[in-house]
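Summary of structural features
These are the residues of each chain, in order.
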Amino acid sequence: MSDQVLAATPTIEEWLGVVDPELKKSIMAMFRAVKEIAYKIRTASCDKMACFNEFGDEQLAIDILANNVIFQNLKASGAVATASSEETPTEDPMGGKGYSVAFDPLDGSSVIDTNFAVGTIWGIWPGDRLIGISGRQLKSAGIAVYGPRTTITLAVDNMPHAHEFLLIDDFSAYHGQWLKTNEFSKIEEGKLLAPGNLRATQDNAGYAELFNYWVQEKYQLRYTGGMVPDVNQLMVKGKGVFVNVASKNTKSKLRVLYEVAPIGYIIEKAGGFSSEGEKSVLDIPIEFTEQVSQVAYGSKGEVQRFETLVGRKYI
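The residue numbering used here restarts from 1 in each chain and proceeds along that chain's sequence as written. pLDDT decides what is reported in this predicted model: residues at 70 or higher carry local features, side-chain atom pairs at 80 or more are listed and counted, and totals for whole chains, interfaces and linings draw on all residues regardless. To get the side-chain values, all heavy atoms of the structure are used, and hydrogens and water are removed first.

**A short note on the packing of helix 5 (residues 205-216) against helix 8 (residues 300-309)**
Pairs of packed helices are described in terms of their axes, by the angle between the two and the distance that separates them. Every axis corresponds to a line fitted to the C-alpha atoms, with the helix fit spanning only the stretch in contact, and the corresponding angles, defined between N-to-C directions, vary from 0 to 180 degrees. Per the convention used, a helix needs a DSSP run of H or I reaching at least four residues, while a strand needs a run of E reaching at least two, with both numbered from the N terminus. Two elements in contact, helix 5 and helix 8, have axes whose closest approach is 8 Å; the angle formed by their N-to-C orientations is 140°. Judged by the angle between their axes, helix 5 and helix 8 are oblique. Between helix 5, through G206, E209, L210, Y213 and W214, and helix 8, the contact on the second element is made entirely by E302, R305, F306 and L309. Any residue outside Ala, Val, Leu, Ile, Met, Phe, Trp, Tyr, Cys, Pro, Asp, Glu, Lys and Arg is labelled polar, Gly included; the first ten of those are nonpolar and the last four are charged. Broken down by class, the residue content of the contact of helix 5 with helix 8 amounts to 5 nonpolar, 1 polar and 3 charged. Each angle gets one of four labels, with under 35 degrees taken as roughly parallel, over 145 as roughly antiparallel, 65 to 115 as roughly perpendicular, and the rest as oblique. Contacts between residues were defined by any pair of non-hydrogen atoms, one from each residue, lying within 4.5 Å.

Shown next as structure tokens:
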């Protein structure tokens, strides 16, 4: 970007000027955390440590760093009453008041040693509880992509569409600032495909039929194994579908609180659709932090096809 273009582009602080002050503090805490995590990822060791999260997934050193950085920033904001991380799925008091934040500190960390893009996911709810809620009550959600560029795609209540912010990292006068670079308002029909958990095609006949349809219709496969970049591309390209399907022998691992609902909120704000097989993922009651769900995100036609062929018949 030229200096003239940058000068005309709002910063995240400017863009959030009309947002409730306490919500703005919560959002800015996540932006500060993501900036720090982005720098740490570049220098962190990718050797696996002898520790596991509470779901039994082996953690990497950067997982722990990211988790700590986010908790520190949320506590410092003064606007967060409760926070919960996918790594330690409990409701932890943050000492503030106004909002509660659920987050996945580093989604896709198992592929970070290959230098694939990874991401952070979060949702912000009003009040001090993160159970007994649903995605419909979200006040904001965001996903950060740590790739060749560091970007955040953000959605905020009462503000239309989803919005992309770029972390400027060129040692210019704008170095370290978040500038708005894109706005996403529609996800249309298009043959772009990101299919997760393909093992489920072995005992989910609906998923097998759906996958065969995509192959026969010559869809473009664009899947890295990192949920955040794989979903974010639907908004950037303005088309396509992402699915992660469950079956009786291959259960879903995606947590509604930390991943499914926040991303569903962003996708629907961007003009797309979401489904757990029968309804929008925003309508899933979140009864406990570890609750999981299968999911489809994308254009209206693709999500309807997922509901027709897969639904919840084979779970």
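Now that the structure has been shown, the text picks up again.
**Here's the deal with the sheet that holds strand 11 (residues 188-196)**
A pair of strands is treated as paired once DSSP finds two or more bridges between them. Taken together, 5 strands build an open sheet; the order of strands is 12-11-13-15-14 and the sheet is mixed. Edge positions in the sheet fall to strand 12 (220-221) and strand 14 (273-275), since each of these pairs with one other strand and no more. With 5 bridges connecting them, strand 11 and strand 13 (residues 239-244) associate as parallel partners. By the bridge assignment for strand 13, A194 is matched with F242. Docked against the sheet, helix 5 engages strand 11 and strand 13, running at close to 125° with respect to strand 11. Against the sheet, helix 7 (residues 256-269) contacts strand 14 and strand 15 (295-298), and its axis sits at roughly 20° relative to strand 15.

**Structural notes on the nonpolar core**
A general trend in soluble globular proteins is that nonpolar side chains are found buried together. Nonpolar cores were defined as sets of buried Ala, Val, Leu, Ile, Met, Phe, Trp, Tyr and Cys residues, with membership established by side-chain atoms within 4.5 Å. Summary of the burial criterion: residues with accessible area below 20% of their type's maximum are buried, those above 50% are exposed, and those between are partly exposed, where the area comes from a 1.4 Å probe applied to protein chains only. Core analysis: the largest hydrophobic core is formed by 42 residues, its most contacted members being L74, W122 and L154. The dominant element in this core, judged by the number of residues it contributes, is helix 3 (residues 21-43), at 11 residues. Leave out the neighbours within four places in its chain, and W122 touches M30, V34, V101, A102, F103, A141, G142, I143, A144, I152, L154 and P262. One finds A155, A162, V231 and F242 within the second-largest nonpolar core, a separate group that totals 38 residues.

**Some words on the packing of helix 6 (residues 227-237) against helix 7**
Packing of helix 6 against helix 7 leaves a shortest axis separation of 11 Å and a crossing angle of 15°. With respect to helix 7, the axis of helix 6 lies roughly parallel. Crossing hand, helix 6 versus helix 7: right-handed. Residues M227, V231, L234 and M235 of helix 6 touch helix 7, and the partners they reach there are E259, I263, I266 and I267. A class-by-class count of the residues in the contact of helix 6 with helix 7 yields 7 nonpolar, no polar and 1 charged. For any pair of crossing helices, the crossing counts as left-handed if the nearer helix is rotated counterclockwise from the farther one by less than a right angle, and right-handed if it is rotated clockwise.

**Re the sheet that holds strand 4 (residues 88-93)**
Taken together, 8 strands build an open sheet; the order of strands is 4-3-5-6-7-8-9-10 and the sheet is mixed. Edge positions in the sheet fall to strand 4 and strand 10 (178-184), since each of these pairs with one other strand and no more. Within this sheet the neighbouring strands show an average axis-to-axis angle of 20°, counted without direction. Two elements, strand 8 (residues 150-156) and strand 9 (residues 162-167), share 4 bridges in a ladder whose sense is antiparallel.

**Section: helix 8**
Residues of helix 8 that are buried: E302, V303, F306 and L309. The arc enclosing the buried residues of helix 8, seen along the axis, measures out at 140°, which places them on a common side. One or two steps after helix 8, the chain reaches G311, where phi turns positive at roughly 50°. Within this analysis, the arc is defined by the directions that extend from the helix axis to the C-beta atoms.

**So, the pattern of salt bridges**
A pairing counts as a salt bridge when a side-chain nitrogen of Lys or Arg comes within 4 Å of a carboxyl oxygen of Asp or Glu. One pass over the structure, following the stated rule, counts 14 salt bridges. With a closest N to O distance of 4.0 Å, E268 and R136 form a salt bridge. A residue pair is termed long-range when its members are at least 10 positions apart, and E268 in helix 7 and R136 in the loop between strand 6 (118-126) and strand 7 (140-146) qualify at 132 residues. We classify E268 as partly exposed; its relative accessible area is 26%.

**Some thoughts on helix 4 (residues 61-77)**
Every α-helical turn comprises 3.6 residues, leaving residues that sit three or four positions apart pointing alike. A helix is expected to reach a length of 1.5 Å times the quantity of its residues less one. The first and last C-alpha atoms of helix 4 sit 25 Å apart over 17 residues, in line with the 24 Å expected at 1.5 Å per residue. Of all the residues in helix 4, the buried ones are A61, I62, D63, A66, N67, V69, I70, F71, N73, L74 and S77. Two residues or fewer after helix 4 comes G78, characterised by a positive phi angle close to 75°.

**Some words on the side chain of K180**
Following the sequence through the fold, K180 ends up in strand 10. Each polar contact in these results corresponds to two N or O atoms within 3.5 Å; when the atoms are within protein, one needs to be able to donate a hydrogen and the other to accept it, and residues that are neighboring in sequence are counted only if both atoms are side-chain atoms. In terms of polar contacts, K180 uses its side chain to reach the side chain of E183, at 3.4 Å. Ignoring anything within four residues of it in the chain, the contact list for K180 reads T9, P10, W15, H163, E164 and F165.

**Here we look at unusual backbone geometry**
A negative phi holds for most residues other than glycine; trans holds for most peptide bonds. Phi angles above zero are rare outside glycine, and N158 is one such case at about 65°. Backbone geometry places H161, a non-glycine residue, at a positive phi of 75°. Mapped onto the fold, H161 is located in the loop between strand 8 and strand 9.

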